[in-house]
Each structure stands twice: as C-alpha cells, then as structure tokens.
Amino acid sequence: MLVLNCSMKLQLLEKMLRWSFPKSLKVYGAVMNINRGNPFRKEVVVDSWPGFKAFFHIFSLQNEIDDLDYYTNTHAVFYKELQAYQELLENTNAINWGQIFQIQDLEIYLAGEDSFKSSAVAWRIRHSFLPNTLSVLSLRLDPQLTLAYLDISHASLLSKTWSRGGNPRCQKYLANLICCFPSVCVLDDNGYPLSWSLMDQSATMIHGYTLPEHRRKGYSRLVATTLAKKLHSYGFPAQGNVLETNIPSITLLKSMNAQFLPCSFFRAYTLKSVHSEHTHT
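In short, a report on the structure. (Residues numbered from 1 in each chain as written. Predicted model: local features only at pLDDT ≥ 70, side-chain atom pairs only at ≥ 80, totals over all residues. Heavy atoms only, no water.)

**A word on the overall build of the chain**
The secondary structure content of the chain amounts to eight helices and 13 strands. Each of the 281 residues in the chain was classed as buried or not, and the buried ones make up 52%. Here the contacts in the chain between residues at least 6 apart in sequence split such that 69% fall between residues at least 24 apart. (Helix = DSSP H or I, 4+ residues; strand = E, 2+ residues; numbered from the N terminus. Buried < 20%, exposed > 50% of the residue type's maximum accessible area, 1.4 Å probe, protein only. Contact = heavy atoms within 4.5 Å.)

**Some details on the nonpolar core**
One finds L13, V44 and L177 to be the most contacted residues of the largest nonpolar core, which totals 61 residues. In terms of residue count, helix 7 (residues 219-233) provides more of this core than any other element does, seven residues in total. The residues that make up this core include at least three from each of domain 1 (2-125) and domain 2 (131-257). Residues A54, A84, L89 and F101 belong to the second largest nonpolar core, which totals 10 residues. (Core = buried A, V, L, I, M, F, W, Y, C linked by side-chain atoms within 4.5 Å. Domains from an automatic or database assignment.)

**Topic: helix 2 (residues 25-35)**
Where burial is concerned, most of helix 2 is hidden: 11 out of the 11 residues are buried. Every buried residue belonging to helix 2 is among L25, K26, V27, Y28, G29, A30, V31, M32, N33, I34 and N35, and all of these are buried. Positioned one or two residues after helix 2, G37 has a phi angle of 105°, which is positive.

**Regarding helix 1 (residues 7-17)**
Those residues of helix 1 not exposed but buried are L10, L13, E14, M16 and L17. The buried side chains of helix 1 occupy one side of the element, clustering within an arc of 165° when seen end-on. The elements touched by buried residues of helix 1 are strand 1 (2-4), helix 2 and strand 2 (42-46). (Arc of directions from axis to C-beta.)

**Focus on the packing of aromatic side chains**
Taken as a whole and assessed by the stated rule, the structure comprises eight aromatic pairs. On the numbers, 6.1 Å between centres and 85° between planes, the contact of F40 with Y173 is edge-to-face. Within this pair, whereas F40 is found in the loop between helix 2 and strand 2, its partner Y173 is found in helix 6 (residues 168-180), the two being separated by 133 residues in sequence. Looking at F40, the relative accessible area reads 5%, which means it is buried. Assessed through its relative accessible area of 4%, Y173 is described here as buried. Of the aromatic side chains, those joined through ring pairs into one cluster are F40, Y71, W162, Y173 and F181. One Lys or Arg, K23, reaches over the ring of Y79 and ends 5.3 Å from the middle of that ring. (Phe/Tyr/Trp six-rings, centres within 6.5 Å; stacked < 30°, edge-to-face > 60°. Lys NZ or Arg CZ within 6 Å of the ring centre and 35° of its normal.)

Here's what the structure looks like:
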C-alpha cells in the first residue's frame, strides 16, 4: 500500500484518470479536489505506483475523526484489476473497519470483513454526467426571486429535506460542503431557498431538491444547468448520482442529454462499527 502525498504524483494521477473515463469519474473528481486545496483533507492510496492496478481510495487525514460520521468518512474506489482491489482491502489497513463509513464502487466487492457485509446496507444508483456543451436554461424568474449560491445558514433546511439527512452530523457535513464547494439555489425575497443543488467532496452534484410547493416551475432544471456550467468553468466534470427508483430525476437528466454509465453504481453504508459494538457509547 502506498500513500500518494507528492503534489507532482497527484497531478499526474489526475491526468492518468482521464484515460479511464467515464468509469473513473467519481475518483477523478475527488483527486481534483485534493489538487485544488484539499479542503476535506483527504489522501489517496494505491496498490503500486506508477503502474497502479487498483485501487486508490479516499479517506480522512484529520487528527480528530468522528468514527460515526459516515458522511465525511467516504471511500471512493477505482480499480483496473479486481484481484488487486481485493488484496488491498484484505491485506492492508487502507480501510478503518472500526468506523461507520460509506464506500462507493461500480462493482462493489466487500472483501475480507464478513462482519462488515452483515452490517451494511447498499443502494443501487445510476451515475450520470452532463456534457460541457450544456446551455443554461432561459427562464424568467419572478422579480422577487434570485438565482444565487447557498449560505451556511441554509444547512439546517438542506439536512431536513435530504433523504440521507435529518441529523446533526449531516447538517455539519452540508455546512462544510457549502463553505468549501460551488452551489446554486433559487432564493425568495426573504433569502429563503426554494430550490438548490451543491457539489460534494467527490466533485459530484448532490441533493438537487425543490420545495414541493414550488415544483413544476423549471427551478430544478435551472439550478442543475447553472451548477453544471459553473463546474465546467472550473474544470470539473458535471456528474451526479440518482437512485434507480427516482424516475422524475432520471427523466429530468435525460431531458438535459445526460449520459448514464452502462453499469450500476453502488453506495454501501455500515450501520455500526465492524470490530466492536461497544467502541462508542
């Protein structure tokens, strides 16, 4: 196991990942964030260098890590050979199996820790990306509405409306995303968000949401296209995840000429720390 902490190697890695588009998009976005200030203090692990076979994954460098914070404790995975991926999981300390975390993979293989498999839940997700030829929707907003960016004061609302949220850790995580990464929202005349989306630590567009009473007005499309253009202007891909059962969102993405990866993407969460149920009280 090798930790890449040399800026020149990380820049080279970013270029190398382009050769494996679109499969490498998720980790490509994460490496881009590392190379542009690394606001979430992440590290990259590879099995070998420069001819890595698999995988590199992203994990926290923070001295004070909340082992129960699966929002921040996220591992993005990419590999060229499944066996190398398995060996890295089984034979190294790349994964902290004592944490509650999420692992993101195109062909998820939870190797070496049967207790993790029994304590995890997984969702099947479609991964999409928007072309850089995307044009921003021409929509006449009500004069009382403003197209703006999210503020840290909006984190509570975002947490309450997110299917994965509704708890203090989620609110803190979203507040950090708002502070560190691009976002777009539609605000009413009181500065209250009606529709929004933002970028996460893997450079993925997440939590696209419009308040129910303001739907079918074109806000979701406006927010998504505006954020995608903003990400493209910074050199990031405009990518996102959507549950396979979320037909309205899939329909919206298809209408925007989004391209979907040919295989399903999985996000798995541990429900408890693997090695001990008594680690945290």
